[in-house]
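Notes for the structure review
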Amino acid sequence: MKKLVIVERVCLIGHIVSMVFGLVGILLVIPNAEVILSLSEVGQTVMQWSMAGGGVAYMIFGAAGVFLYANRTLGLGRTLGFLVPSILISLTSELLGTSTGFPFGHYSYLSGLGYKIAGLVPFTIPLSWFYVGCVSYLLARVGLEVDKKPSLLRHVSAIAVGALLLTSWDFVLDPAMSQTTLPFWYWQQPGAFFGMPYQNFAGWMGTGALFMTVAALLWRNNPIKLERSQLNIPLVVYLANFGFATVMSLAAGFSIPVLLGLGLGVAPAVALWLRGPDASASIGPATKEVSVASVKVAFK
């Protein structure tokens, strides 16, 4: 188990480092190609690797790190109960979107994100739906006390809030990633929201809510119990990915999507994390009395 925790940490660190390299490459190197020539041989090799596989690496690292985290805290069964529907449902939505325009609008992926499934969707895209969707849903589910005070309203609210956190990330990511110097996808019919159609948001909310609902049904007889400290990684992963998207958007001159994302994504995510149960709060009165009694006995 200790070795798996080390691998988990390495994956999460690799995820963040890969995003930093990606930002450097996209925002500094590509617009200023002469920068590469001024680097050492090692620096040139690193930047070439970043350009060729940085986008693929950061999503693989992110998916692997969140999978190992979920396996450690939730167990393999519940982890697979989220992984499988999130990947299958998001891949189905993406294949439909790139071939028919439903549910996101008409768009196409360019190169840079790895092998394309059916020649349409990079294999890394469903992985990103999984890991950002998982941390979003965990923050919402624990913060809204779904497993502590279960009710239909709390379940529905957690799914809606989790899908909103996921979609808020896209508010910030999509405009920049589709209009950067080296775009990763493009809209065949640009929309009114900084080049994105409003339909895109409905597609994100619907897709996220659908696979979170399936996961909730699969988890219904196996509630989760996470403390606030166990939500640190979901919060860090969410904020790191939001930070990546924020830098991209601000560099492209898109400040309004960032403000929307801060209000609808980051602020709720932090608030939900703060609502997570503290480890000390789980110690009941009886346990505290026993502890005090033990101390008194020890002094006698």
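Note that the structure is a prediction, hence the values are computed from the model and not measured. (Residues numbered from 1 in each chain as written. Predicted model: local features only at pLDDT ≥ 70, side-chain atom pairs only at ≥ 80, totals over all residues. Heavy atoms only, no water.)

So, on to the nonpolar core. Ranked by size, the top nonpolar core spans 74 residues in total, and within it Phe82 and Tyr131 carry the most contacts. With 13 residues, the top contributor of residues to this core is helix α5 (residues 124–143). Dropping the residues within four chain positions of it, Tyr131 is found in contact with His15, Tyr58, Met59, Gly62, Ala63, Val66, Val237 and Asn241. (Core = buried A, V, L, I, M, F, W, Y, C linked by side-chain atoms within 4.5 Å. Buried < 20%, exposed > 50% of the residue type's maximum accessible area, 1.4 Å probe, protein only. Helix = DSSP H or I, 4+ residues; strand = E, 2+ residues; numbered from the N terminus. Contact = heavy atoms within 4.5 Å.)

The positions that UniProt labels "transmembrane region" (unreviewed entry) are, in the present scheme, residues 12–30, 50–70, 82–105, 117–140, 152–172, 201–219, 231–250 and 256–274. Secondary structure over residues 201–219 splits into 95% helix and 0% strand, and the C-alpha atoms at its two ends are 27 Å apart. Helix makes up 100% of residues 256–274 and strand makes up 0%, while its end C-alpha atoms are separated by 26 Å. (UniProt positions renumbered as here; feature names shortened; annotations may be inferred.)

Let us now look at the packing of aromatic side chains. A complete count under the given rule lists 21 aromatic pairs for this structure. Seen from their ring centres, Phe104 and Trp129 are 6.1 Å apart, and the 45° between their planes marks the pair as tilted. Of this pair, Phe104 sits in the loop between α4 (76–100) and β1 (107–109) while Trp129 sits in helix α5, placing them 25 residues apart in sequence. Trp129 shares its class with Phe104; the two are buried. For Arg228, the ring lying beneath its charged end belongs to Trp273, and the centroid distance is 5.9 Å. (Phe/Tyr/Trp six-rings, centres within 6.5 Å; stacked < 30°, edge-to-face > 60°. Lys NZ or Arg CZ within 6 Å of the ring centre and 35° of its normal.)

A word on unusual backbone geometry. With an omega of 10°, the peptide bond between Phe102 and Pro103 qualifies as cis. For Pro103, the location among the structural elements is in the loop between α4 and β1. Even without a glycine there, the phi angle at Ala118 is positive, about 55°. Its place among the elements puts Ala118 in the loop between β2 (116–117) and β3 (121–122).

To continue, consider the pattern of salt bridges. Counted by the stated rule, this structure contains seven salt bridges. One salt bridge connects Arg141 with Asp147, and the closest N-O pair in it is separated by 2.7 Å. The class for Arg141 is buried, based on a relative accessible area of 1%. In this structure, Lys148 engages Glu145 in a salt bridge whose closest nitrogen and oxygen atoms are separated by 3.9 Å. On the basis of relative accessibility, which here comes to 64%, the residue Lys148 falls in the exposed class. (Salt bridge = Lys/Arg side-chain N within 4 Å of Asp/Glu carboxyl O.)

Attention now goes to the packing of α5 against helix α9 (residues 256–274). Relative orientation of the contacting elements α5 and α9 amounts to 50°, with a least axis distance of 8 Å. In this view, α5 runs oblique relative to α9, as classed from their interaxial angle. For the pair α5 and α9, the crossing hand works out as left-handed. Residues Leu139, Ala140 and Gly143 of α5 form the contact with α9, whose own contacting residues are Ala269, Leu272 and Trp273. (Axes fitted to C-alpha atoms, helices over the stretch in contact; angles between N-to-C directions. Parallel < 35°, antiparallel > 145°, perpendicular 65-115°, else oblique. Left-handed = near helix turned anticlockwise from the far one by under 90°.)

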